[in-house]
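Coordinate analysis (summary)
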Amino acid sequence: MAVSKLITALLLAVPAFGTVLRSQAGTCPSSAIYWGMEKDAASDTMFAERDLPTPGECEAVMSEVPKDGEIKLCGPGKWSISRMSCDKHEYKNVEIDHPKEDFTKTTCKVYPLKDYFKINGFIGSVVFTC
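**As for the nonpolar core**
- Grouped together as the largest cluster of nonpolar side chains are 17 residues, with contacts concentrated most on Ile33, Ile71, Leu73 and Ile123.
- Those elements giving two or more residues to this core turn out to be strand E1 (32–39), strand E4 (70–74), strand E5 (77–82), strand E6 (93–98) and strand E8 (122–129).
- Leave out the neighbours within four places in its chain, and Ile71 touches Ile33, Tyr34, Trp35, Met37, Phe47, Ile81, Lys109, Val110, Tyr111, Leu113 and Ile123.

Quick look at the structure:
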């Protein structure tokens, strides 16, 4: 009787564990994005973490951004940022690649928007892939 309860518990737990693993892999837990759109009194950029877009899906941003704004990207992944909306995302997009061999969750790089004329002043959409 106890053996059958154990087998039943294991049969129920294994699919649930697989679902947790798949959901964590889908959100890319080792990657993060921070928007730096404001400066403090010392003119240092203040970064605020933002939720990552669903991997592989275009997310509309449609926002003006300051010309001295910055984006901090952490961890592995590929970011595609465009001035255009999702339906025209490929036109005037900027791609930034963080290979998993070179970037971990704690490895971050800051990208000044002024260095990317295609998106400086306005971000229309973002696509992220793990």
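Now that the structure has been shown, we can carry on.
**Looking at the sheet that holds E4**
- Spatial ordering of the open sheet is given by E2-E1-E4-E7, a layout of four strands whose pairing is antiparallel. At either margin of the open sheet sits one strand with a lone partner, and together these are strand E2 (45–50) and strand E7 (108–112). Going from strand to strand, the sheet's axes swing by 25° on average, the running direction of each strand aside.
- As paired strands, E4 and E7 are joined by five bridges and run antiparallel to one another. Among the inter-strand pairings, Glu70 is bridged to a residue of E7, identified as Pro112.

**Thoughts on the sheet that holds strand E3 (residues 58–64)**
- Here we have four strands laid out as an open sheet, ordered E3-E8-E5-E6, and antiparallel in their pairing. Looking along the sheet, the strands with just one partner apiece sit at the ends: E3 and E6. Strand-to-strand twist of the sheet, defined as the mean angle between neighbouring strand axes without regard to direction, takes the value 20°.
- Bridging between E3 and E8 involves five bridges; their strand directions are antiparallel.

**Notes on the state of the cysteines**
- Inspection of the entire model under this criterion finds two disulfides.
- The disulfide partner of Cys58 is Cys86, and the S-S distance across this bridge is 2.2 Å. Between Cys58 and Cys86, the S-S torsion sits near -90°, and that sign places the bridge as left-handed. Placement of Cys58 in strand E3 and of Cys86 in the loop between E5 and E6 is noted, with a sequence separation of 28 residues between them.
- On the accessibility criterion, Cys58 (31% relative accessible area) is partly exposed.
- Linked covalently through their sulfurs, Cys74 and Cys108 form a disulfide whose S-S length is 1.9 Å. Across the disulfide from Cys74 to Cys108, rotation about the S-S bond amounts to roughly 105°, and the bridge is consequently right-handed. Highlighted residues: Cys74 in strand E4 and Cys108 in strand E7, separated in sequence by 34 residues.
- A residue is classified by how much of its surface remains accessible, and Cys74, at 2% relative accessible area, is buried.

**A word on the side chain of His98**
- On the secondary structure map, His98 appears in strand E6.
- A polar side-chain atom of His98 sits 3.0 Å from the main-chain carbonyl oxygen of Gly75.
- Once residues lying within four places of it in the same chain are set aside, the contact partners of His98 are Leu73, Cys74, Gly75, Pro76, Gly77, Trp79, Phe103, Lys109 and Tyr111.

**Observations concerning the pairing of E8**
- Burial analysis of E8 places six of its eight residues in the buried class, which makes it a mostly covered element.
- Bridge count for E5 against E8 is five bridges, and the pairing is antiparallel. Along E8, the bridge assignment pairs Lys78 with Thr129.

The rules behind the values
- Residues numbered from 1 in each chain as written.
- Predicted model: local features only at pLDDT ≥ 70, side-chain atom pairs only at ≥ 80, totals over all residues.
- Heavy atoms only, no water.
- Core = buried A, V, L, I, M, F, W, Y, C linked by side-chain atoms within 4.5 Å.
- Buried < 20%, exposed > 50% of the residue type's maximum accessible area, 1.4 Å probe, protein only.
- Helix = DSSP H or I, 4+ residues; strand = E, 2+ residues; numbered from the N terminus.
- Contact = heavy atoms within 4.5 Å.
- Pairing = 2+ DSSP bridges.
- Axes fitted to C-alpha atoms, helices over the stretch in contact; angles between N-to-C directions.
- Disulfide = S-S within 2.5 Å.
- Polar contact = N/O pair within 3.5 Å; in protein donor to acceptor, adjacent residues only side chain to side chain.

Read these as geometric descriptors, not functional statements.
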